[in-house]
Amino acid sequence: MSSNSDAPMTGRAQPSHAEVAGHERLTIIENNLALTLLAKLRDRRTDVAAFNAIAAELARLVVYEACKDIALATKWGEGFDGSPLDLQIPARVIAGVTVLRAGLIFEPAFRLLLPASPLYQLGLRRNEETLEPTIYADNLPNERSWADRVLLVDPMLATGGTATAAIDVIRRNHSGRIDALALVAAPYGVRAVIDHDANTHVTALALDDHLNDLGYIVPGLGDAGDRYFGTV
Ligand code: URA
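Residues numbered from 1 in each chain as written. Predicted model: local features only at pLDDT ≥ 70, side-chain atom pairs only at ≥ 80, totals over all residues. Heavy atoms only, no water.

## Some details on the pairing of strand 10 (residues 200-207)
Look at any regular strand and the pattern is simple: side chains alternate between the two faces of the sheet.
Phase 1 of the analysis: Most of strand 10 sits inside the fold, with 8 of its 8 residues counted as buried.
Phase 2 of the analysis: In this sheet, strand 10 lies alongside strand 1 (residues 26-28) in parallel orientation, the contact comprising 3 bridges. Each residue of the ladder has a partner; that of I28, found in strand 10, is A204.
Phase 3 of the analysis: Bridge count for strand 9 (residues 177-185) against strand 10 is 7 bridges, and the pairing is parallel. By the bridge assignment, A185 is partnered in strand 10 with L207. (Buried < 20%, exposed > 50% of the residue type's maximum accessible area, 1.4 Å probe, protein only. Helix = DSSP H or I, 4+ residues; strand = E, 2+ residues; numbered from the N terminus. Pairing = 2+ DSSP bridges.)

Structure follows, in structure tokens:
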């Protein structure tokens, strides 16, 4: 890339924070303690071990929030004194789709909170010059009715190019609700996802200000995959 005018986001109009913030299909988690942890992720001096521990913790919070209204069923169990007890379990199949590689940040949270749920992987590589994604891996099921609800997990909702491509793959065989989960979202990406699919809801910890010319979220936290895997 020779000059900034060649950069993929240069000259693209971006919606403001205020234009997107109140959308009915956007949930920004309001939790001040979580913001103190997110601040540590934003700080470039945070090392990879601390980054991973904090990112895993915050990913849990996002999954909790997105799933707080799931339908419940009960199964038989035993209480502390041996008496029978109804125990709550998810009533319907909630499947995950993780966008490689940064989406793996959500894997520990997903496994802990939804232990019986399948977590599929989508490999999407974004071209750094055009920001257009191409699919290099896809193990989503081909049969219908593989999930009642799908959680699409990717920590950074930036341009929305990857998320909308992932939604198209999910929509091959899923007509129900999709929840796009992120740690940090940009107004541009939220707008792209919400306009792309009328049954997708976005949940994130923070709605940041804008994308820079290269498509990075500002203030953001940098390349989430590199920060998590220590591959800067
Ligand atoms: N992907 C990232 O990891 N970070 C950004 O800011 C944008 C896309």
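## Re the packing of helix 5 (residues 161-170) against helix 6 (residues 187-196)
Phase 1 of the analysis: Their axes nearest at 9 Å, the elements helix 5 and helix 6 cross at an angle of 25°. Classified by the angle their axes make, helix 5 and helix 6 are roughly parallel. The interaxial crossing formed by helix 5 with helix 6 has right-handed handedness. Side by side, helix 5 and helix 6 meet where A163, T164, I167 and D168 of the first sit next to A192, V193 and H196 of the second.
Phase 2 of the analysis: Considering only residue class, the contact of helix 5 with helix 6 consists of 4 nonpolar, 2 polar and 1 charged. (Axes fitted to C-alpha atoms, helices over the stretch in contact; angles between N-to-C directions. Parallel < 35°, antiparallel > 145°, perpendicular 65-115°, else oblique. Left-handed = near helix turned anticlockwise from the far one by under 90°. Contact = heavy atoms within 4.5 Å. Nonpolar A, V, L, I, M, F, W, Y, C, P; charged D, E, K, R; others polar.)

## Remarks on the side chain of S117
Phase 1 of the analysis: Of note, S117 is situated in the loop between helix 4 (107-113) and strand 5 (119-126).
Phase 2 of the analysis: Once residues within four sequence positions are removed from consideration, S117 is found in contact with I94, F110 and R111.

## Focus: the pattern of salt bridges
Any two side chains of opposite charge can pair, so long as their charged atoms come close to each other.
Phase 1 of the analysis: Going through the model one piece at a time under the given rule, you end up with 12 salt bridges.
Phase 2 of the analysis: Of the charged contacts, one joins E65 and K68 as a salt bridge, the two residues approaching to 2.8 Å between their closest N and O atoms.
Phase 3 of the analysis: The exposure class assigned to E65 is partly exposed, which follows from its relative accessible area of 21%.
Phase 4 of the analysis: Its salt-bridge partner being D138, residue R172 comes within 2.7 Å of it at the nearest N-O pair. In this pair, R172 sits in the loop between helix 5 and strand 9 while D138 sits in strand 6 (residues 133-138), placing the two residues 34 residues apart along the sequence.
Phase 5 of the analysis: Take R172: its relative accessible area is 36%, and that puts it in the partly exposed class.
Phase 6 of the analysis: Residues joined in a network through salt bridges with shared partners are D69, R149, R177 and D179. (Salt bridge = Lys/Arg side-chain N within 4 Å of Asp/Glu carboxyl O.)

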